[in-house]
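Reading the structure
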Amino acid sequence: MANTEYHVSLHDLTHVFDDGRRSLTALSSVTIDVPPGQFTSVIGPSGCGKSTLLRLAGGLLTPSEGTALVDGEPPRKAQRAREIGFVFQDPSLLPWRTVAKNIALPLEVDHLERTRELPDLAELLDLVGLSEFRDYHPYELSGGMQQRVALARALAFNPTLLLMDEPFGAVDEITRSALRYELLRIWERHGGPAGRKTVLFVTHSVSEAITLSDRVIVLSGRPGRVRADIAIELPRPRTEEMEQTEPFLDYAAQLRRLLKEDAQ
Ligand SMILES: Nc1ncnc2c1ncn2[C@@H]1O[C@H](COP(=O)(O)OP(=O)(O)OP(=O)(O)O)[C@@H](O)[C@H]1O
Ligand SMILES: [Mg+2]
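Quick caveat: nothing in here was measured; it's all calculated off a predicted structure.

Here 3 strands make up an open sheet; going across it, the order is β2-β1-β4 and the pairing antiparallel. In this open sheet, the two strands that pair with only one neighbour each are β2 (23-34) and β4 (65-70). With direction set aside, neighbouring strand axes in the sheet form an average angle of 25 degrees. Sheet analysis places strand β1 (residues 8-18) next to β4, joined by 5 bridges and oriented antiparallel. Each bridged residue has a counterpart across the sheet, and for histidine 11 the counterpart in β4 is threonine 67. The sheet contacts of helix α1 (residues 50-57) involve β1, β2 and β4, and relative to β1 the element is tilted by about 120 degrees.

Structure representation (C-alpha coordinates):
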(Lines give C-alpha, C1' and ligand atoms only; values in the text may rest on other atoms or scores of the structure.)
(Ligands and ions follow the chains in the order given, each with its own letter.)
Protein backbone atom coordinates (compact mmCIF):
# COMPACT_ATOMS: atom_id res chain seq x y z
CA MET A 1 0.00 0.00 0.00
CA ALA A 2 1.36 3.42 -0.92
CA ASN A 3 2.01 5.76 1.92
CA THR A 4 -1.30 7.57 1.91
CA GLU A 5 -3.55 8.28 4.83
CA TYR A 6 -6.64 7.03 3.02
CA HIS A 7 -7.27 3.75 1.32
CA VAL A 8 -10.01 5.18 -0.88
CA SER A 9 -10.14 8.87 -1.81
CA LEU A 10 -13.02 10.18 -3.84
CA HIS A 11 -12.63 13.89 -4.46
CA ASP A 12 -15.22 16.14 -6.02
CA LEU A 13 -16.60 13.30 -8.11
CA THR A 14 -19.19 14.21 -10.68
CA HIS A 15 -20.45 11.61 -13.08
CA VAL A 16 -22.50 12.28 -16.18
CA PHE A 17 -23.84 9.47 -18.35
CA ASP A 18 -23.97 10.83 -21.85
CA ASP A 19 -24.59 8.69 -24.91
CA GLY A 20 -24.78 11.62 -27.30
CA ARG A 21 -28.59 11.68 -27.23
CA ARG A 22 -29.29 12.05 -23.53
CA SER A 23 -27.24 13.31 -20.66
CA LEU A 24 -27.89 12.37 -17.05
CA THR A 25 -25.92 13.58 -14.04
CA ALA A 26 -25.81 10.67 -11.60
CA LEU A 27 -23.44 12.11 -8.99
CA SER A 28 -22.41 15.65 -8.18
CA SER A 29 -19.29 16.82 -6.28
CA VAL A 30 -19.01 13.81 -4.00
CA THR A 31 -16.02 13.76 -1.67
CA ILE A 32 -15.39 10.76 0.57
CA ASP A 33 -12.10 9.69 2.16
CA VAL A 34 -11.99 6.20 3.64
CA PRO A 35 -9.12 5.22 5.96
CA PRO A 36 -7.75 1.67 5.78
CA GLY A 37 -9.86 -0.94 7.55
CA GLN A 38 -12.95 1.22 7.84
CA PHE A 39 -16.38 -0.27 7.17
CA THR A 40 -18.35 2.45 5.40
CA SER A 41 -21.93 2.12 4.20
CA VAL A 42 -23.58 4.27 1.58
CA ILE A 43 -27.32 4.73 1.73
CA GLY A 44 -29.68 6.88 -0.32
CA PRO A 45 -32.79 6.81 -2.51
CA SER A 46 -33.01 4.57 -5.53
CA GLY A 47 -31.24 6.08 -8.54
CA CYS A 48 -29.11 8.50 -6.52
CA GLY A 49 -25.87 7.07 -7.86
CA LYS A 50 -24.76 4.54 -5.21
CA SER A 51 -23.82 1.83 -7.72
CA THR A 52 -22.16 4.46 -9.88
CA LEU A 53 -20.11 5.58 -6.88
CA LEU A 54 -18.96 2.01 -6.23
CA ARG A 55 -18.06 1.49 -9.87
CA LEU A 56 -16.02 4.71 -9.84
CA ALA A 57 -14.24 3.62 -6.65
CA GLY A 58 -13.44 0.24 -8.24
CA GLY A 59 -12.18 1.64 -11.54
CA LEU A 60 -15.05 0.12 -13.55
CA LEU A 61 -16.02 3.66 -14.58
CA THR A 62 -13.94 6.82 -15.03
CA PRO A 63 -15.41 9.95 -13.43
CA SER A 64 -16.50 12.83 -15.67
CA GLU A 65 -14.95 15.21 -13.15
CA GLY A 66 -12.93 14.83 -9.98
CA THR A 67 -10.58 12.07 -8.91
CA ALA A 68 -10.97 8.57 -7.55
CA LEU A 69 -7.90 7.02 -5.93
CA VAL A 70 -7.20 3.69 -4.25
CA ASP A 71 -3.92 3.63 -2.31
CA GLY A 72 -3.17 7.00 -3.85
CA GLU A 73 -3.32 5.64 -7.43
CA PRO A 74 -6.05 5.31 -10.07
CA PRO A 75 -8.33 2.42 -8.97
CA ARG A 76 -7.65 0.42 -12.13
CA LYS A 77 -4.17 -0.27 -10.86
CA ALA A 78 -5.51 -1.85 -7.65
CA GLN A 79 -8.14 -3.66 -9.69
CA ARG A 80 -5.52 -5.17 -12.02
CA ALA A 81 -3.48 -6.28 -9.01
CA ARG A 82 -6.67 -7.96 -7.69
CA GLU A 83 -6.61 -5.78 -4.59
CA ILE A 84 -10.34 -5.11 -4.98
CA GLY A 85 -13.09 -7.67 -4.40
CA PHE A 86 -16.54 -6.97 -5.85
CA VAL A 87 -19.83 -8.42 -4.63
CA PHE A 88 -22.94 -7.37 -6.53
CA GLN A 89 -26.62 -7.80 -5.78
CA ASP A 90 -26.83 -10.66 -8.25
CA PRO A 91 -24.34 -13.39 -7.26
CA SER A 92 -23.61 -14.12 -10.98
CA LEU A 93 -22.43 -17.69 -10.43
CA LEU A 94 -21.70 -19.99 -13.33
CA PRO A 95 -24.55 -22.55 -13.23
CA TRP A 96 -22.51 -25.44 -14.63
CA ARG A 97 -19.75 -25.07 -12.06
CA THR A 98 -19.85 -26.39 -8.51
CA VAL A 99 -19.56 -24.16 -5.44
CA ALA A 100 -15.85 -24.97 -5.12
CA LYS A 101 -15.22 -24.30 -8.83
CA ASN A 102 -17.12 -21.03 -8.78
CA ILE A 103 -15.02 -19.82 -5.85
CA ALA A 104 -11.80 -20.92 -7.52
CA LEU A 105 -12.68 -19.36 -10.88
CA PRO A 106 -10.86 -16.04 -10.44
CA LEU A 107 -7.69 -17.91 -9.51
CA GLU A 108 -7.95 -20.15 -12.59
CA VAL A 109 -8.41 -17.36 -15.09
CA ASP A 110 -5.76 -15.17 -13.59
CA HIS A 111 -2.08 -15.52 -14.30
CA LEU A 112 -0.86 -12.75 -12.06
CA GLU A 113 2.31 -13.23 -10.18
CA ARG A 114 1.28 -13.97 -6.61
CA THR A 115 2.58 -11.13 -4.48
CA ARG A 116 0.59 -12.00 -1.38
CA GLU A 117 -0.58 -15.03 0.44
CA LEU A 118 -3.93 -16.35 -0.74
CA PRO A 119 -6.38 -18.38 1.29
CA ASP A 120 -6.83 -21.93 0.09
CA LEU A 121 -10.15 -23.22 -1.12
CA ALA A 122 -10.93 -25.23 2.01
CA GLU A 123 -10.35 -22.13 4.10
CA LEU A 124 -12.67 -20.05 1.93
CA LEU A 125 -15.40 -22.69 2.02
CA ASP A 126 -15.09 -22.91 5.78
CA LEU A 127 -15.13 -19.13 6.14
CA VAL A 128 -18.51 -18.85 4.45
CA GLY A 129 -19.85 -22.04 6.04
CA LEU A 130 -20.18 -24.01 2.78
CA SER A 131 -17.66 -26.82 3.24
CA GLU A 132 -20.40 -29.42 3.04
CA PHE A 133 -21.71 -27.92 -0.20
CA ARG A 134 -18.48 -27.73 -2.15
CA ASP A 135 -19.74 -30.11 -4.85
CA TYR A 136 -23.23 -28.64 -5.15
CA HIS A 137 -24.29 -26.54 -8.12
CA PRO A 138 -25.80 -23.04 -7.72
CA TYR A 139 -29.35 -24.23 -8.50
CA GLU A 140 -29.12 -26.54 -5.49
CA LEU A 141 -28.43 -23.62 -3.13
CA SER A 142 -30.65 -21.01 -1.50
CA GLY A 143 -30.26 -17.34 -2.44
CA GLY A 144 -28.36 -16.63 0.79
CA MET A 145 -25.97 -19.52 0.12
CA GLN A 146 -25.37 -18.27 -3.42
CA GLN A 147 -24.46 -14.86 -1.99
CA ARG A 148 -22.00 -16.55 0.36
CA VAL A 149 -20.39 -18.23 -2.66
CA ALA A 150 -20.10 -14.81 -4.32
CA LEU A 151 -18.49 -13.44 -1.16
CA ALA A 152 -16.00 -16.32 -1.01
CA ARG A 153 -15.17 -15.74 -4.69
CA ALA A 154 -14.55 -12.04 -3.93
CA LEU A 155 -12.23 -13.06 -1.08
CA ALA A 156 -10.25 -15.55 -3.20
CA PHE A 157 -7.54 -12.99 -3.93
CA ASN A 158 -7.48 -11.78 -0.34
CA PRO A 159 -8.29 -8.25 -1.52
CA THR A 160 -7.59 -5.31 0.76
CA LEU A 161 -10.72 -3.49 -0.43
CA LEU A 162 -14.21 -4.99 -0.70
CA LEU A 163 -16.86 -3.15 -2.72
CA MET A 164 -20.30 -4.56 -2.01
CA ASP A 165 -23.43 -3.38 -3.79
CA GLU A 166 -26.59 -4.48 -1.96
CA PRO A 167 -25.24 -8.00 -1.66
CA PHE A 168 -28.14 -9.13 0.50
CA GLY A 169 -30.89 -7.32 -1.39
CA ALA A 170 -32.49 -10.42 -2.85
CA VAL A 171 -32.84 -12.55 0.28
CA ASP A 172 -35.55 -12.61 2.93
CA GLU A 173 -35.32 -10.47 6.07
CA ILE A 174 -34.30 -13.25 8.48
CA THR A 175 -31.58 -14.61 6.20
CA ARG A 176 -30.48 -11.08 5.50
CA SER A 177 -30.05 -10.34 9.18
CA ALA A 178 -28.05 -13.57 9.68
CA LEU A 179 -25.85 -12.74 6.69
CA ARG A 180 -24.90 -9.34 8.04
CA TYR A 181 -23.53 -10.89 11.24
CA GLU A 182 -21.76 -13.51 9.19
CA LEU A 183 -20.16 -10.81 7.10
CA LEU A 184 -19.00 -9.06 10.26
CA ARG A 185 -17.50 -12.28 11.58
CA ILE A 186 -15.65 -12.77 8.29
CA TRP A 187 -14.50 -9.16 8.27
CA GLU A 188 -13.16 -9.49 11.83
CA ARG A 189 -11.45 -12.80 11.11
CA HIS A 190 -10.21 -12.36 7.61
CA GLY A 191 -8.11 -9.23 7.76
CA GLY A 192 -5.20 -8.92 5.36
CA PRO A 193 -1.63 -8.45 6.55
CA ALA A 194 -2.40 -4.76 7.07
CA GLY A 195 -5.34 -5.61 9.33
CA ARG A 196 -9.00 -5.51 8.45
CA LYS A 197 -10.22 -5.07 4.95
CA THR A 198 -11.64 -1.74 3.96
CA VAL A 199 -15.29 -2.12 2.95
CA LEU A 200 -17.56 0.18 0.96
CA PHE A 201 -21.05 -1.24 1.29
CA VAL A 202 -24.18 -0.04 -0.50
CA THR A 203 -27.51 -0.84 1.10
CA HIS A 204 -31.12 0.34 1.34
CA SER A 205 -31.46 -1.02 4.85
CA VAL A 206 -30.93 1.45 7.69
CA SER A 207 -30.45 -1.28 10.31
CA GLU A 208 -28.01 -3.17 8.10
CA ALA A 209 -25.96 0.01 7.61
CA ILE A 210 -25.80 0.72 11.35
CA THR A 211 -25.05 -2.85 12.41
CA LEU A 212 -22.18 -3.22 9.97
CA SER A 213 -20.55 0.16 9.81
CA ASP A 214 -18.08 2.49 11.41
CA ARG A 215 -19.60 5.20 9.30
CA VAL A 216 -22.72 5.74 7.22
CA ILE A 217 -22.81 8.18 4.30
CA VAL A 218 -26.24 9.38 3.24
CA LEU A 219 -26.59 10.51 -0.35
CA SER A 220 -29.30 12.89 -1.55
CA GLY A 221 -31.63 12.07 -4.42
CA ARG A 222 -30.22 12.34 -7.96
CA PRO A 223 -27.79 13.75 -8.63
CA GLY A 224 -26.31 12.17 -5.52
CA ARG A 225 -24.47 14.49 -3.16
CA VAL A 226 -23.19 13.74 0.32
CA ARG A 227 -26.05 14.78 2.55
CA ALA A 228 -24.69 13.44 5.84
CA ASP A 229 -21.64 11.56 7.04
CA ILE A 230 -22.36 9.88 10.36
CA ALA A 231 -19.89 8.04 12.62
CA ILE A 232 -21.47 4.95 14.20
CA GLU A 233 -19.90 4.81 17.62
CA LEU A 234 -21.23 1.47 18.80
CA PRO A 235 -18.81 -1.02 20.35
CA ARG A 236 -17.66 -4.09 18.42
CA PRO A 237 -18.37 -6.90 18.06
CA ARG A 238 -21.88 -5.85 17.16
CA THR A 239 -24.69 -8.06 18.40
CA GLU A 240 -28.37 -8.53 17.64
CA GLU A 241 -29.24 -7.34 21.15
CA MET A 242 -27.57 -4.05 20.33
CA GLU A 243 -30.26 -3.40 17.72
CA GLN A 244 -32.72 -2.76 20.58
CA THR A 245 -30.53 -0.30 22.48
CA GLU A 246 -31.14 3.42 22.63
CA PRO A 247 -28.02 4.56 20.76
CA PHE A 248 -28.83 2.14 17.90
CA LEU A 249 -32.43 3.31 17.70
CA ASP A 250 -31.28 6.94 17.79
CA TYR A 251 -28.99 6.36 14.81
CA ALA A 252 -31.86 4.62 13.00
CA ALA A 253 -34.22 7.54 13.67
CA GLN A 254 -31.61 10.03 12.51
CA LEU A 255 -30.93 8.14 9.27
CA ARG A 256 -34.64 7.60 8.53
CA ARG A 257 -35.26 11.32 9.07
CA LEU A 258 -32.51 12.23 6.61
CA LEU A 259 -33.85 9.80 4.00
CA LYS A 260 -37.42 10.98 4.47
CA GLU A 261 -36.60 14.68 4.26
CA ASP A 262 -34.97 13.91 0.98
CA ALA A 263 -38.02 12.14 -0.37
CA GLN A 264 -40.21 15.20 0.28
N1 LIG B 1 -24.71 2.78 -17.81
C2 LIG B 1 -25.58 3.77 -17.62
N3 LIG B 1 -25.97 4.56 -18.65
C4 LIG B 1 -26.83 5.57 -18.48
N5 LIG B 1 -27.35 5.91 -17.28
C6 LIG B 1 -26.99 5.18 -16.23
C7 LIG B 1 -26.10 4.06 -16.33
N8 LIG B 1 -25.94 3.53 -15.11
C9 LIG B 1 -26.70 4.27 -14.28
N10 LIG B 1 -27.33 5.25 -14.93
C11 LIG B 1 -28.22 6.27 -14.36
O12 LIG B 1 -27.54 6.89 -13.28
C13 LIG B 1 -28.42 7.10 -12.19
C14 LIG B 1 -27.81 6.45 -10.97
O15 LIG B 1 -27.80 5.07 -11.15
P16 LIG B 1 -27.24 4.08 -10.05
O17 LIG B 1 -27.38 2.71 -10.58
O18 LIG B 1 -25.88 4.52 -9.65
O19 LIG B 1 -28.25 4.34 -8.84
P20 LIG B 1 -28.40 3.60 -7.43
O21 LIG B 1 -28.33 4.64 -6.37
O22 LIG B 1 -27.45 2.47 -7.37
O23 LIG B 1 -29.91 3.06 -7.50
P24 LIG B 1 -30.55 1.74 -6.85
O25 LIG B 1 -30.67 2.03 -5.38
O26 LIG B 1 -31.88 1.65 -7.51
O27 LIG B 1 -29.64 0.58 -7.15
C28 LIG B 1 -29.76 6.49 -12.58
O29 LIG B 1 -30.63 7.54 -12.95
C30 LIG B 1 -29.46 5.64 -13.80
O31 LIG B 1 -30.50 5.71 -14.74
MG1 LIG C 1 -27.67 0.41 -7.36
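Following the structure, the description resumes.
All right, on to the sheet that holds strand β8 (residues 215-219) then. The 6 strands lie next to each other as β5-β6-β7-β3-β8-β9, forming an open sheet whose pairing is mixed. With one partner strand each, in any of the chains shown, β5 (84-87) and β9 (226-231) form the two edges of the open sheet. Looking at each pair of strands side by side, their axes are set apart by 15 degrees on average, direction ignored. Sheet analysis places β8 next to β9, joined by 5 bridges and oriented antiparallel. Among the inter-strand pairings, arginine 215 is bridged to a residue of β9, identified as alanine 231. Packing against the sheet, helix α5 (residues 143-155) makes contact with β5 and β6 (161-165), and its axis sits at approximately 165 degrees to β5.

With their axes 11 Å apart at the nearest point, α5 and helix α6 (residues 173-189) run at an angle of 20 degrees to one another. By the criterion of interaxial angle, the relationship of α5 to α6 is roughly parallel. Judged by the twist between their axes, the crossing of α5 over α6 is right-handed. Mapping the contact onto sequence places Gly144, Arg148, Leu151 and Leu155 in α5 and Thr175, Leu179, Glu182, Leu183 and Ile186 in α6. In terms of residue class, the contact of α5 with α6 is made up of 5 nonpolar, 2 polar and 2 charged.

Rules used throughout
- Residues numbered from 1 in each chain as written.
- Chains lettered and ligands numbered in written order.
- Predicted model: local features only at pLDDT ≥ 70, side-chain atom pairs only at ≥ 80, totals over all residues.
- Heavy atoms only, no water.
- Pairing = 2+ DSSP bridges.
- Helix = DSSP H or I, 4+ residues; strand = E, 2+ residues; numbered from the N terminus.
- Axes fitted to C-alpha atoms, helices over the stretch in contact; angles between N-to-C directions.
- Contact = heavy atoms within 4.5 Å.
- Parallel < 35°, antiparallel > 145°, perpendicular 65-115°, else oblique.
- Left-handed = near helix turned anticlockwise from the far one by under 90°.
- Nonpolar A, V, L, I, M, F, W, Y, C, P; charged D, E, K, R; others polar.

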